[in-house]
Structure formats: C-alpha cells, structure tokens
Amino acid sequence: MKLNLSVLVFALLAALMLNTTVMAADDAEYKAALVKARETLSDAEGKVQLWSTSEILLNDAEEAATAGDFELAVKLATEAGIHGELAVATAEREKKTWQKHVPK
Amino acid sequence: MKRFLIACFLFVVMTNVYATPEQDRLALREFFTQRFPDLDLNEMINGLYAFDEGAREQWLEMEDFPPYEIAIEEGEEAFDTPFANGKAYADCFENGGIGIKQNYPRFDVDSGEIITLEWAINQCRTDNGEEPLPWRTGELAAISAYMAYTSRGNRMSVVIPDDPRALEAYESGKEYYYTRRGQLEFACENCHMQSAGNLLRADRLSGMLGQATHWPVYRSKWGETGTLHKRFMECNSQVRAKPYEAQSQIYRELEFFLSYMSNDMEMNGPASRR
C-alpha cells in the first residue's frame, strides 16, 4: 500500500511536469508565430497593403491563446502571417504594374 | 544626331511615364468616351443613374423629397451658429463659405497639406477654440452638405499648384486608385473604370468621372448622410483591405486625385444613393 501510494504520487507529479512542459512549448510556439506574423504585417502596412482579415485572425489567435488552446492560436497567427506575405506580394507586383492601367 | 535621338527618347519616356494631371484627366475622359460612346459624360456626375434608366427614374422621384434635405437644414443652422468666441464658420472661408466647394481639396503650399473641405471645417473650429467634429457623419457631414448645396451648379476647379509636393500628393492618390489591394485584390479602377455601368450583384457600378462632385451623400444603406472618406473606408473594407482613417493623408491624396479628374464637371452635392 505504501509503495502504491509513492508510485501514484510520482506518476501524478510526472504527469503534471509533462503537461507544463507541453504548454510552455506551445505558448512559446504561439509567441514565435505572433512575432513572425507581426513582422510580415508591419511590412505589408509599410507598403500600404494591409488586409482587413489579418487583424481579425490575430485577435482570434489571442483569444485562443488566452483560453489555453495554443494549437489553434498558432494556426491562426500563422495564417495571419500568410495573409501578410500575400499582401506584400501584391504590393510588390502592383508597384511594377499599376501604371499600365492608367489611360494614356 | 545622337543628342537629338536621346532627346527624342527622353521625350517619349517622360510623356508616357510622367503624364501631367491634365493629360491624365483628358485621357480619362477619352477612356469613357470610347467606353460609352452614346453617353453624355456630364451625366456621370449622377453616378450609377447615368447608366441605369430604371434606377434613374426611381432616384428622380426620390429627389422630390430628398433624404439629404435634413442634413442641409441642420448644416445651415450649425454653419450660422457663432462659436463661443463670437466668430463663425463664414469668417474662416473665402466668400463667407458660400459656393466654394468646387475649390476643394486644395493644396496648402505653406503647410504642405491637402486641405479637404471637411478638414477646413474642423480647422476653423479648432482655430476658434472649439472641439473638432467626428469626420464621417453627423454635424460635420451636415455642414459639408450645406456648403456643397450652396456650390451646386459651379464647376469643379481643383488646382495643383506648381509645387513638387503637390504633384507628389496627386501621384500618390493616383497610385492608390490604380493599385489592386485587399484579399480580393481589387483596385478602385477595377470597379469604377473597367466595370463601370456593369452589375455587381444587384448594384450597378458608377464611373470614376464625376465621382467627387456630389458629396456628402445620403446612402439608403447607411440611413444617414456621410462623407466621401466614409465611402473610401467602405470600398476598402468591401475588398477586404484594411481601411485608413477618414482624413488620413492617403485618403486626402486620393480625394485630391479623384477630384482633379472631375475638374470642369458640375457640382451637384449633396446627393442620394442606394
């Protein structure tokens, strides 16, 4: 009985530590995705090409992170960053082509 | 001979890449003449109603009791009400503020800023110790509507002074107009030039010419009278681009360009639209 109790306590502590480690990793991953997304979005904003969708995604990501759903938070922050990358691509292409549409 | 060829080359490059605002305006009119050979371009001040006979009839009936009338009345009352210091809006504008909307936006060579009519109204307030008004609707839109009403029948006369900053602002507005943006990748030009007169769902799209002559506008969709910058914000949102703030530099530049394109067209604000 004494041995069983020790095993149980050990198992509980191990599970708790493992859980904390996983959460910390996810939180870090979310923060990294957020930093990357914000960098791209700042680039898009500087090129006058921010999408309205990015902010919504970032807000949803923050909400998910607050609720502890880091998997979803990472997914949403990454998507926001992709929207930023696509906006930058549009900006770079349009910079070279917009003049073609002006009537001559 | 070599110099002559270089000069010819530079002339061709310059005239193609750096058209003057007036060349842009004339080319735009030519674009719409080609696009709608049977249309009197002056009709384009009426937006979609220049293209859609059925909608035009309904609109003309609505003009018997126009929904923007309340804004004109409220705007006139606010315009005539003195500030706490005893001065009034009339003291801030040439000709007492009557019949002057066609001159806006104007480029102020002292500050290097583009001054829209709404900007000037709020500037007048702050210069006289009053709080500025919100930009998009309400009292500011009403005062602007009244001032537009007193300018009806005048011709749009936006001037780009001989100042590189003014030309830069014009070019910036032009670039914004022709640049695709947002998740849907639409430029203003895609709707209001390429697709002008066509249906977008149930709405017919207005053309770019005359788009700046009739603001502020009472939109049934809004249920109130709003400013041109409110519409810019809405257009940007519709293509899922993040809108800028009303009276932000980029929107003032856009208005500067758009208004110049409507130069010599009749002022007919305020107006009503769906």
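Residues numbered from 1 in each chain as written. Chains lettered and ligands numbered in written order. Predicted model: local features only at pLDDT ≥ 70, side-chain atom pairs only at ≥ 80, totals over all residues.

Asker: Which residues make up the overall build of chain A, and what values go with them?
Answerer: Across its full length, chain A carries 3 helices and 0 strands. Along its sequence from the N terminus, chain A presents helices and strands in the succession α-α-α. (Helix = DSSP H or I, 4+ residues; strand = E, 2+ residues; numbered from the N terminus.)

Asker: Explain helix α2 (residues 52–66) of chain A to me, and be specific about the residues and the numbers.
Answerer: Residues and elements named next belong to chain A. Between its first and last C-alpha, α2 extends 22 Å over 15 residues, near the 21 Å set by a 1.5 Å rise per residue. Taken together, the buried positions of α2 are occupied by S54, L57, L58, A61 and A65. For α2, the buried positions fall inside an angular range of 100 degrees around the axis, keeping them on one side. Summarising the geometry of α2, the exposed residues directed more than 90 degrees from the buried face are N59 and T66. Following α2 by one or two positions, G68 adopts a phi angle in the positive range, close to 90 degrees. (Expected span 1.5 Å × (residues − 1). Buried ≥ 20, exposed ≤ 12 C-beta atoms within 10 Å, placed from the backbone. Arc of directions from axis to C-beta.)

Asker: So what's going on with the packing of helix α7 (residues 164–178) of chain B against helix α10 (residues 249–261) of chain B? Residues and values would help.
Answerer: Residue and element names in this part refer to chain B. It is at 7 Å that the axes of α7 and α10 come closest, and there the two elements cross at 90 degrees. Taken together, the axes of α7 and α10 are roughly perpendicular relative to one another. Contacts between α7 and α10 involve A169, Y170, S172, G173, K174, Y176 and Y177 from the first element and I250, E253, L254, F256, F257, L258 and Y260 from the second. (Axes fitted to C-alpha atoms, helices over the stretch in contact; angles between N-to-C directions. Parallel < 35°, antiparallel > 145°, perpendicular 65-115°, else oblique. Contact = placed C-beta atoms within 7 Å.)

Asker: So what's going on with the interface of chain B and chain A? Which residues, and what values?
Answerer: By convention, interface size is frequently given as the accessible area that disappears when the constituent parts associate. Opposite the 21 residues of chain B that make contact, chain A presents 15 residues. For the side of chain B that touches chain A, the secondary-structure elements that each account for two or more residues are α1 (2–17), α2 (21–35) and α7 of chain B.

Asker: Go over the sheet that holds strand β5 (residues 217–219) of chain B, please, and point to the residues and values.
Answerer: Residues and elements named next belong to chain B. Read across the open sheet, the 3 strands follow the order β6-β5-β7; overall the sheet is mixed. Unpaired on one side and paired on the other, β6 (224–226) and β7 (271–273) mark the two borders of the sheet. Sheet twist, expressed as the mean angle between neighbouring strand axes with direction ignored, is 35 degrees. (Pairing = 2+ DSSP bridges.)

Asker: Please provide a residue-by-residue account of the domain arrangement of chain B, values included.
Answerer: Residue and element names in this part refer to chain B. Assigned domains of chain B: these are domain 1 (23–66 + 155–273) and domain 2 (73–149). Relative placement of domain 1 and domain 2: their C-alpha centres are 22 Å apart. Breaking the side of domain 1 that touches domain 2 down by element, the ones donating at least two residues are α7, β6, α9 (228–238) and α10. With 5 residues, the top contributor of residues to the side of domain 1 that touches domain 2 is α10. (Domains from an automatic or database assignment.)

Asker: Quick rundown of the nonpolar core? Include the residues and the values.
Answerer: With 63 residues, the main nonpolar core has B:I143, B:A145, B:Y146, B:Y177 and B:F257 as its most contacted residues. Tallying contributions element by element places helix α6 (residues 139–149) of chain B first for this core, with 9 residues. For B:A145, the contacting residues outside a window of four places in its chain are B:Y68, B:A71, B:I72, B:G75, B:P216, B:T225 and B:P270. Judged by nonpolar contacts, the second largest core, of 21 residues, contains A:A44, A:A61, A:A65 and A:L76. (Core = buried A, V, L, I, M, F, W, Y, C linked by C-beta atoms within 7 Å.)

Asker: I'd love a proper account of the confidence of the model for chain B, names of residues and values included.
Answerer: Confidence in the prediction of chain B, expressed as mean pLDDT, is 94, and 94% of residues score 70 or more. Per the prediction output, this complex has pTM 0.89; the corresponding ipTM is 0.86. (pLDDT = per-residue confidence, 0-100.)

Asker: Please give an account of the packing of α2(A) against helix α3 (residues 70–97) of chain A that cites residues and values.
Answerer: Residue and element names in this part refer to chain A. The interhelical angle for the contact between α2 and α3, taken along N-to-C directions, is 165 degrees, at an axis separation of 8 Å. Classified by the angle their axes make, α2 and α3 are roughly antiparallel. The hand of the α2/α3 crossing is left-handed. Contacts between α2 and α3 involve T53, S54, L57, L58, D60, A61, A64 and A65 on the former and, on the latter, F70, L72, A73, L76, A77, E79, A80, H83 and G84. Split into classes, the residues belonging to the contact of α2 with α3 amount to 11 nonpolar, 4 polar and 2 charged. (Left-handed = near helix turned anticlockwise from the far one by under 90°. Nonpolar A, V, L, I, M, F, W, Y, C, P; charged D, E, K, R; others polar.)

Asker: Go over the confidence of the model for chain A, please, and point to the residues and values.
Answerer: Per-residue pLDDT for chain A has a mean of 86; in total, 76% of the residues score no lower than 70. Confidence scores differ between elements of chain A, with helix α1 (residues 2–46) of chain A showing the lowest mean pLDDT of 74 and α3(A) the highest of 97.

Asker: Any details on the environment of B:S195? Residues and values, ideally.
Answerer: Residue and element names in this part refer to chain B. If you trace the backbone, S195 turns up in the loop between α8 (188–194) and β3 (199–200). The class of S195 is partly exposed, set by 15 C-beta atoms lying within 10 Å. Note: C-alpha distance between S195 and S206 (11 residues apart in sequence) is 8.6 Å. If sequence neighbours within four positions are ignored, S195 has contacts with N190, L200 and L205.

Asker: Could you give an account of unusual backbone geometry, naming the residues involved and the relevant values?
Answerer: Residues and elements named next belong to chain B. Note that the residue after W215, namely P216, is joined by a cis bond; omega there is 0 degrees. Of note, P216 is situated in the loop between β4 (203–204) and β5. Between G269 and P270 the backbone carries a cis peptide bond, its omega angle lying at -10 degrees. Within the secondary structure, P270 is located in the loop between α10 and β7. One non-glycine residue, N95, adopts positive backbone phi at about 55 degrees. Relative to the helices and strands, N95 is located in the loop between α4 (69–80) and β1 (106–108). The class for N95 is exposed, based on 10 C-beta atoms found within 10 Å. At E185, a residue that is not glycine, the phi angle is positive and equals roughly 55 degrees.

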